[in-house]
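Fold and geometry: a report
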Amino acid sequence: MNTTQLIKSAQIDGVELHQVRLVSLDEHKDHRGSFTEIFQDHWGTVLKPVQWSAVKSEANVFRGMHFHVRHDEYFCLLEGHCLLGLRDLRPGSPTQHKSALFELFGEDPAALVFPVGMLHGWYFFTPSIHVQAVSEAYPDYGADDNWRCRWNDPELELNWGIENPILSDLAANAPSLQGLINGLTFKGYFS
Ligand SMILES: Cc1cn([C@H]2C[C@H](O)[C@@H](COP(=O)(O)OP(=O)(O)O[C@H]3O[C@H](C)C(=O)[C@H](O)[C@H]3O)O2)c(=O)[nH]c1=O
């Protein structure tokens with residue numbers, strides 16, 4: 001994890017996961033402020049977004065870990081400082097059972113796009129604002145495709161380097177990674 005003065009949004013641990021893209025963004029600054037394009041269809045990422053959301057988080061908040069069987073996802077930090085962790089669960093993926101950790105800074109804008117089948121979560125060091133997008137709308141996936149596991153299960157192989165983050169009640173009571181895999185196996189995800 002980067003705790004020095006280097007302000008560079010980048011992958012900081014793990015492997016390069018198949019079909020995951022961290023796209024550096026150009027922030028055009030002038031005397032009024034700045035203008036940044038945060039998504040272009042012609043980047044050719046996996047994502048065809050159908051819903052955009054703006055999320056504000058307090059310092060020391062952890063959101064996740066979440067898993068979706070059906071939709072791809074996009075994350076862009078506009079303000080603040082955060083970590084994003086991914087674990088590839090996709091059957092047949094060349095990087096199945098591998099993880100990646102990213103550190104993003106609002107001062108160095110970047111967008112992370114990742115495909116369906118990627119367990120994911122985000123931690124905010126400071127009060128932060130991010131935009132996220134999904135390829136299936138919440139009213140369609142919220143009830144039956146919003147799987148979870150515990151953020152700090154060592155089997156995730158994600159070295160967050162944090163302790164006692166603020167969690168939702170659902171996140172605090174989430175199953176282990178193995179518990180999640182058992183649930184997905186029961187639903188036929190791995191067959
Ligand atoms: C995701 C979502 C949530 N909500 C409502 C439902 C709750 O009243 C509230 C907070 O929802 P939740 O606790 O699920 O939010 P997070 O824990 O931040 O989850 C999000 O972050 C993790 C890491 C993800 O993977 C998701 O895409 C997303 O679920 O917003 C909506 O109205 N629309 C939405 O699209």
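Please read these numbers as outputs of a predicted model, since none were measured by experiment. (Residues numbered from 1 in each chain as written. Predicted model: local features only at pLDDT ≥ 70, side-chain atom pairs only at ≥ 80, totals over all residues. Heavy atoms only, no water.)

Looking now at the pattern of salt bridges. Under the criterion given, the structure shown has 7 salt bridges. The residue D88 makes a salt bridge to R90 at a minimum N-O spacing of 2.8 Å. Under the relative-accessibility criterion, R90 is labelled buried at 8%. Each member of the salt-bridge network shares a partner with another, and the members are R70, E136 and D144. (Salt bridge = Lys/Arg side-chain N within 4 Å of Asp/Glu carboxyl O. Buried < 20%, exposed > 50% of the residue type's maximum accessible area, 1.4 Å probe, protein only.)

A few words on the site of the ligand. Surrounding the ligand, one finds Q51, R63, H66, H68, E73, H120, W122, Q132, Y138 and Y141. Within the side chain of Q51, a nitrogen or oxygen atom sits 2.9 Å from an oxygen atom of the ligand. E73 is positioned with one of its side-chain polar atoms (N or O) 2.8 Å from an oxygen atom of the ligand. For the ligand, the accessible surface in isolation is 640 Å², of which the surrounding protein chains cover 64%. In terms of residue class, the shell around the ligand is made up of 3 nonpolar, 5 polar and 2 charged. (Near = heavy atom within 4 Å. Polar contact = N/O pair within 3.5 Å; in protein donor to acceptor, adjacent residues only side chain to side chain. Areas by Shrake-Rupley, 256 points an atom, 1.4 Å probe, with all protein chains shown as cover. Nonpolar A, V, L, I, M, F, W, Y, C, P; charged D, E, K, R; others polar.)

Taken across its 7 residues, strand β7 (residues 73-79) has 5 buried, putting it largely inside the fold. As defined by bridge partners, β7 adjoins strand β10 (residues 110-114) across 4 bridges and the pair is classed as antiparallel. Residue pairing across strands places Y74 opposite V113, the latter belonging to β10. As paired elements, β7 and strand β12 (residues 128-134) share 6 bridges and run antiparallel to each other. When the bridges of β12 are listed, E79 appears paired with I129. (Helix = DSSP H or I, 4+ residues; strand = E, 2+ residues; numbered from the N terminus. Pairing = 2+ DSSP bridges.)

Read these as geometric descriptors, not functional statements.
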